[in-house]
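Inside the fold
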Amino acid sequence: HVSLLSKIYDRLKPDGVFLITCDPTKWEDINKNWLVENNEMFWSSFSNKWYEITLQEIGFSLISMYQTRTKFNNRDEIQYFYLFKKII
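What you are looking at is a predicted structure, and each value in this text was computed from that prediction instead of being measured.

So, how was this worked out
Residues numbered from 1 in each chain as written. Predicted model: local features only at pLDDT ≥ 70, side-chain atom pairs only at ≥ 80, totals over all residues. Heavy atoms only, no water. Core = buried A, V, L, I, M, F, W, Y, C linked by side-chain atoms within 4.5 Å. Buried < 20%, exposed > 50% of the residue type's maximum accessible area, 1.4 Å probe, protein only. Helix = DSSP H or I, 4+ residues; strand = E, 2+ residues; numbered from the N terminus. Axes fitted to C-alpha atoms, helices over the stretch in contact; angles between N-to-C directions. Parallel < 35°, antiparallel > 145°, perpendicular 65-115°, else oblique. Left-handed = near helix turned anticlockwise from the far one by under 90°. Contact = heavy atoms within 4.5 Å. Nonpolar A, V, L, I, M, F, W, Y, C, P; charged D, E, K, R; others polar. Pairing = 2+ DSSP bridges. Lys, Arg positive; Asp, Glu negative; His and termini not counted. Salt bridge = Lys/Arg side-chain N within 4 Å of Asp/Glu carboxyl O. Polar contact = N/O pair within 3.5 Å; in protein donor to acceptor, adjacent residues only side chain to side chain.

Counting residues in hydrophobic clusters, the biggest one holds 14 residues, and the most contacted among them are Leu5, Phe18, Ile20, Leu55 and Phe60. Broken down by secondary-structure element, the contributors of at least two residues to this core are helix H1 (2-11), strand E1 (17-22), helix H2 (48-58) and strand E5 (75-86). For this core, the leading source of residues is E5, giving four residues.

With their axes 10 Å apart at the nearest point, H1 and H2 run at an angle of 50° to one another. If you check the angle between H1 and H2, you find them oblique. Seen from above, H1 lies across H2 with right-handed handedness. Contacts between H1 and H2 involve Val2, Leu5, Ser6 and Tyr9 from the first element and Trp50, Tyr51, Thr54, Leu55 and Ile58 from the second. Tallied by class, residues from the contact of H1 with H2 come to seven nonpolar, two polar and no charged.

Judged by pairing direction, the sheet is antiparallel, and its three strands sit side by side in the order E1-E5-E4 without closing on themselves. Each of the sheet's edge strands pairs with one partner strand only, and the pair in question is E1 and strand E4 (60-72). This sheet shows a mean twist of 15° between the axes of neighbouring strands, independent of strand direction. In terms of strand pairing, E1 meets E5 through six bridges, oriented antiparallel. Bridging from a neighbouring strand, Ile20 pairs with Tyr82 of E5. Docked against the sheet, H2 engages E1, E4 and E5, running at close to 5° with respect to E5.

For the rest of this paragraph, the subject is the side chain of Lys86. By the secondary structure assignment, Lys86 is in strand E5. Asp10 provides the closest opposite charge to the buried, unpaired Lys86, separated from it by 5.4 Å. Here Leu12 takes part through its backbone oxygen, which lies 2.8 Å from a polar atom of the side chain of Lys86. When near neighbours in sequence (up to four residues on either side) are disregarded, Lys86 contacts Tyr9, Asp10, Leu12, Lys13, Pro14, Asp15, Gly16 and Phe60.

Attention now goes to the pattern of salt bridges. Scanning the model with the defined rule gives five salt bridges in all. The salt bridge partner of Glu52 is Lys49, with a shortest N-O separation of 3.5 Å. With Glu52 and Lys49 both in helix H2 and three residues apart, the pair spans about one turn of that helix. On the basis of relative accessibility, which here comes to 17%, the residue Glu52 falls in the buried class. Notably, a salt bridge pairs Asp76 with Arg69, separated by 4.0 Å at the nearest N-O pair. Within this structure, Arg69, Lys71 and Asp76 form a network of salt bridges that share partners.

This is the structure we're talking about:
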């Protein structure tokens, strides 16, 4: 994840912005039939705090954060939206 996020930072123009969404907790999953039958998709995510700290360590500046809470399959689902800026 750090390598990918660093490449995004490197390719952004000065003052370019980056929007990322993430969950509050770390998780991994495999979807065995993603989009078509027998097509595996591997998912992984760190916590929102990990992304917040890591992106700032890479060099991004946090512009804003927004949290949503919705009901999905009878459970609360929390999603974080972060807007970062490349400062040079």
